[in-house]
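Notes for the structure review
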Amino acid sequence: MSLTECLEERRELLHCDDEWSSRNLIANQGYIYLCPLTCPPMRRGLCFGLLLSVVAGGVPKERGVAVVTQANQGEFAVAHTAYVMMVYAPWCGHSRDLLPKYEAAAKQLGGKVTFAKLDGTEGEDIATALDVKGYPTILFVRRGGQPVEYDGDRSLQSLVAWAKQKADPQLTVLETPSALDLFRRKHALTFVLFPGADTAVEEMMAGTAASTPLPCAISRIEPEEAGAAGVKAPALVAFKSEGPPETILSGAEGESLSLQRMEKFAAVESLPLVVTYSEKTEDTLFGSNVPLHVLLFHDQPSVDTTGMEAAARQLRGEAVFATVDISSNSDAAQYFDVDPTGSLSPPIVLGYSLANGTKFVSRDLEAGSLVAFVRSIQSGTQPVHLRSQPEPSAASPGTAVELVGSSFSRIVMDPDKDILVQFYNPTCGHCRKLAPVYASVAAHFVEDTDLVVAQIDGSANDIPGMVPEGFPTMIFFPKANKRGVEYDGSRDLHDIVQFIADVRLGREHIGGLPELQSDEAAEWGAKVEL
């Protein structure tokens, strides 16, 4: 029996049902998990002696789950090439509900898959690097690849199945030409790796197989024997059921193969040249890791995509092309400022940057024009389209200035002013609760001529270069830092005023969400409880 299993058994024997707290962790030569205060005093000393543990790699474990922190993340990443990570918040009710199932999954898999957890409120830099937008978030992380987020139901069975598939994906080994031919004919599209002498890419192929639902294989025969003349190993090839290779990602010349390149190749090639946008295809479309989307909004039963297909073929991997029927996708039409509620009438082409939510407009559907449109976006010469409400009249003294898409940059980026901005949504209940407090903030600073208290309806206006991740969100843009400092404290006048003072004085503001009820916390701040 391992030391961890022994400690777990002793803990159950002593009926210490409280969570071991990472805040009670003492780091010296080992890690000591202190007995909870609720444990009977007569048992507390015994627990103290039993719960002494030194974990390999310097990373402690709780119930079989590695406790990753800002301090030990480097050690952990070096020691593990692939692992499941849960990012949570102690104040989040959903995190607390999910954690026991997560620990049970780690126990059920018995060390075959490494499970880790991170308090996102303490390890914000790590959470940001993992692109965590809400709590709790479960990710599968493989060294060199893109983190893959778990989007299944929160049952133990589903979580275990997902973790096993990601850690040990199905990967067929093809030993003969006939085996490869049979493998191809069984599926409409497959990915086959020809590793050549490069054995390192075989491990990368496991990561690629974990990232795509399509069949993947490693070929032990040479490309020429597989009907892939001209392919130089190492190479990843997309095969249709019949015919020559559809597309090839080669590492023989120029840029070498990497897991990130291979994952992106598989994601892109899994898509048709032109995707028909719907709720079912949305995740696949936006999960392709291609930075630019070109969307044709229309209101007809059918649409000619000849030009889009030709442009998509030429720009494969640089841009994803899709059609959007506004009659069945009104929310998407509204977000992109298209009729019936927007200012743009169909048919209309919009370019959309996933990096910062920037939009661009074109009406030409010819292939050459679409390629030129994408190139102008990439070069930064294409004008940006901003969804914007009409600019309102000037605000009265002591009230918040109402910003819109067209005025945001002009006011917020003023180098002579400190600007506090609240991003809100009129339908958001928490925004309505915050409204009187925010009005008090504006009134408090009525005599401060260097500070502007402003707000913007993020549901009706585009903010250049920004996509709010939740409502309400408050960001302070002082004169010296127009990148902005996000507020993540309580909804209290005093705390907001103190936050502004701290940032102005150059003090690093360490915010912290209050202990809210789960329904209250759901929309507060950029990282919200899911």
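Now for a look at the structure at hand. Please read all numbers here as calculations on a predicted model, not as lab measurements.

A few words on the overall build of the protein. Helix and strand counts for the protein come out as 17 helices and 26 strands. Sorting the 530 residues of the protein into buried and exposed places 44% on the buried side. The long-range fraction of contacts in the protein, counting pairs at least 24 apart against all pairs at least 6 apart in sequence, stands at 67%. Just so you have it, the protein exposes about 25800 Å², and 52% of that area is on carbon and sulfur atoms.

Glancing now at the nonpolar core. In terms of nonpolar packing, the biggest core is built from 20 residues, with L285, L295, F297, V324, F336, V338 and L350 touching the most fellow members. Sorting the residues of this core by element identifies β17 (292-298), β18 (320-325), α12 (330-335) and β19 (348-353) as the ones contributing at least two each. In contact with V338, other than residues within four places in its own chain, are F297, I326, A333, L344, P346, I348 and L350.

A word on the packing of aromatic side chains. Scanning the model with the defined rule gives 15 aromatic pairs in all. Ring geometry for F76 versus Y83: centroids 4.8 Å apart, planes at 70°, classification edge-to-face. Taken together, the ring pairs in this structure connect F297, Y335, F336 and Y352 into an aromatic cluster. Cation over ring: K359 sits above Y335, and NZ or CZ is 4.0 Å from the ring centre.

We now examine a negative patch on the surface. A surface patch of like charges, here negative, comprises E124, D125, E469 and E486. With respect to the element layout, E486 can be found in strand β25 (residues 485-487).

On to unusual backbone geometry. Glycine aside, residues mostly have negative phi angles, and peptide bonds mostly take the trans form. The step from D339 to P340 runs through a cis peptide bond, and the omega angle for that step is 15°. Position of P340 among the secondary structure elements: in the loop between α12 and β19. For the bond running from P346 to P347, omega is -5°, close enough to zero to count as cis. Along the chain, the position of P347 falls in the loop between α12 and β19. Positive phi, normally seen in glycine, also occurs at R63, with a value near 55°. With respect to the secondary-structure elements, R63 resides in the loop between β4 (61-62) and β5 (65-68). Its relative accessible area of 26% is what places R63 among the partly exposed residues. Phi is positive for D337, which is not a glycine, with a value near 65°. Tracing the backbone shows D337 in the loop between α12 and β19. The exposure class assigned to D337 is buried, which follows from its relative accessible area of 9%.

Before going further, it helps to spend a moment on the environment of P100. If you trace the backbone, P100 turns up in helix α4 (residues 93-109). By relative accessible area, P100 is classed as partly exposed at 41%. Along the chain, P100 and R63 lie 37 residues apart, while their C-alpha atoms are 9.4 Å from each other.

Okay, the pattern of salt bridges next. All told, the structure shown has 14 salt bridges when counted by the stated rule. Residue E318 is joined to R375 by a salt bridge in which the shortest nitrogen-to-oxygen separation is 2.6 Å. Here E318 is found in the loop between α11 (306-314) and β18, whereas its partner R375 is found in helix α13 (residues 367-379), with 57 residues between them in sequence. A cluster of three or more residues bridged by salt bridges with shared partners is formed by E62, R63, E103 and K117.

This part covers the sheet that holds strand β22 (residues 418-424). With mixed pairing, the five strands of this open sheet are ordered in space as β21-β23-β22-β24-β25. For this open sheet the edge positions go to β21 (401-403) and β25, each flanked by a neighbour on one side alone. For this sheet the average axis-to-axis angle between neighbouring strands, irrespective of direction, equals 30°. Along the sheet, helix α15 (residues 429-444) contacts β22, β23 (451-457) and β24 (473-477); its crossing angle with β22, the most-contacted strand, is approximately 165°. Docked against the sheet, helix α16 (residues 493-504) engages β22, β23, β24 and β25, running at close to 160° with respect to β25.

Attention now goes to α16. One full turn of an α-helix is made of 3.6 residues, so residues set three or four places apart face in the same direction. In this model, α16 (12 residues) spans 17 Å end to end at C-alpha, consistent with the 16 Å of a helix rising 1.5 Å per residue. What α16 keeps buried is the set I496, V497, F499, I500, D502 and V503. Two to three positions downstream of the cap, the backbone nitrogen of H494 sits 3.0 Å from a side-chain oxygen, assigning the N-cap of α16 to D492. In the stretch just after α16, G506 is the one whose phi turns positive, near 85°.

What follows deals with the packing of α15 against α16. Taken N-terminus to C-terminus, the directions of α15 and α16 make an angle of 50°; their axes are 9 Å apart at the nearest point. What the angle tells us is that α15 and α16 run oblique. When you trace α15 past α16, the crossing you get is right-handed. Seen from α15, the contacting residues are V437, S440, V441 and H444; seen from α16, they are L493, I496 and V497. The residue inventory of the contact of α15 with α16, partitioned by class, reads five nonpolar, two polar and no charged.

Take the sheet that holds strand β6 (residues 82-88) next. The sheet built from six strands is open, its strands ordered β4-β5-β7-β6-β9-β10 with mixed pairing. Each edge of the sheet is formed by a strand with only one pairing partner; in this case those strands are β4 and β10 (148-149). Examined bridge by bridge, β5 and strand β7 (residues 115-119) share three bridges and lie parallel to one another. Across the sheet, V67 pairs through a bridge with K117, a residue of β7.

Moving on, we get to the pairing of β22. For β22, the tally of buried residues reaches seven of seven residues, placing the bulk of the element in the interior. Of the two faces of β22, the one carrying D418, L420, Q422 and Y424 and the one carrying I419, V421 and F423 are both buried. Between the parallel pair β22 and β23, the chain is carried across by α15, and the sense of this crossover is right-handed. Examined bridge by bridge, β22 and β24 share five bridges and lie antiparallel to one another. Across the sheet, the residue bridging to I419 is F477, located in β24.

What counts and what doesn't
Residues numbered from 1 in each chain as written. Predicted model: local features only at pLDDT ≥ 70, side-chain atom pairs only at ≥ 80, totals over all residues. Heavy atoms only, no water. Helix = DSSP H or I, 4+ residues; strand = E, 2+ residues; numbered from the N terminus. Buried < 20%, exposed > 50% of the residue type's maximum accessible area, 1.4 Å probe, protein only. Contact = heavy atoms within 4.5 Å. Areas by Shrake-Rupley, 256 points an atom, 1.4 Å probe, with all protein chains shown as cover. Core = buried A, V, L, I, M, F, W, Y, C linked by side-chain atoms within 4.5 Å. Phe/Tyr/Trp six-rings, centres within 6.5 Å; stacked < 30°, edge-to-face > 60°. Lys NZ or Arg CZ within 6 Å of the ring centre and 35° of its normal. Patch = residues over 30% accessible without salt bridge, like charges linked within 9 Å, V, L, I, M, F, W, Y side chains within 5 Å. Salt bridge = Lys/Arg side-chain N within 4 Å of Asp/Glu carboxyl O. Lys, Arg positive; Asp, Glu negative; His and termini not counted. Charge placed at Lys NZ, Arg CZ, Asp CG, Glu CD. Pairing = 2+ DSSP bridges. Axes fitted to C-alpha atoms, helices over the stretch in contact; angles between N-to-C directions. Expected span 1.5 Å × (residues − 1). Polar contact = N/O pair within 3.5 Å; in protein donor to acceptor, adjacent residues only side chain to side chain. Parallel < 35°, antiparallel > 145°, perpendicular 65-115°, else oblique. Left-handed = near helix turned anticlockwise from the far one by under 90°. Nonpolar A, V, L, I, M, F, W, Y, C, P; charged D, E, K, R; others polar. Right-handed = clockwise from strand over helix to strand, strands pointing away.

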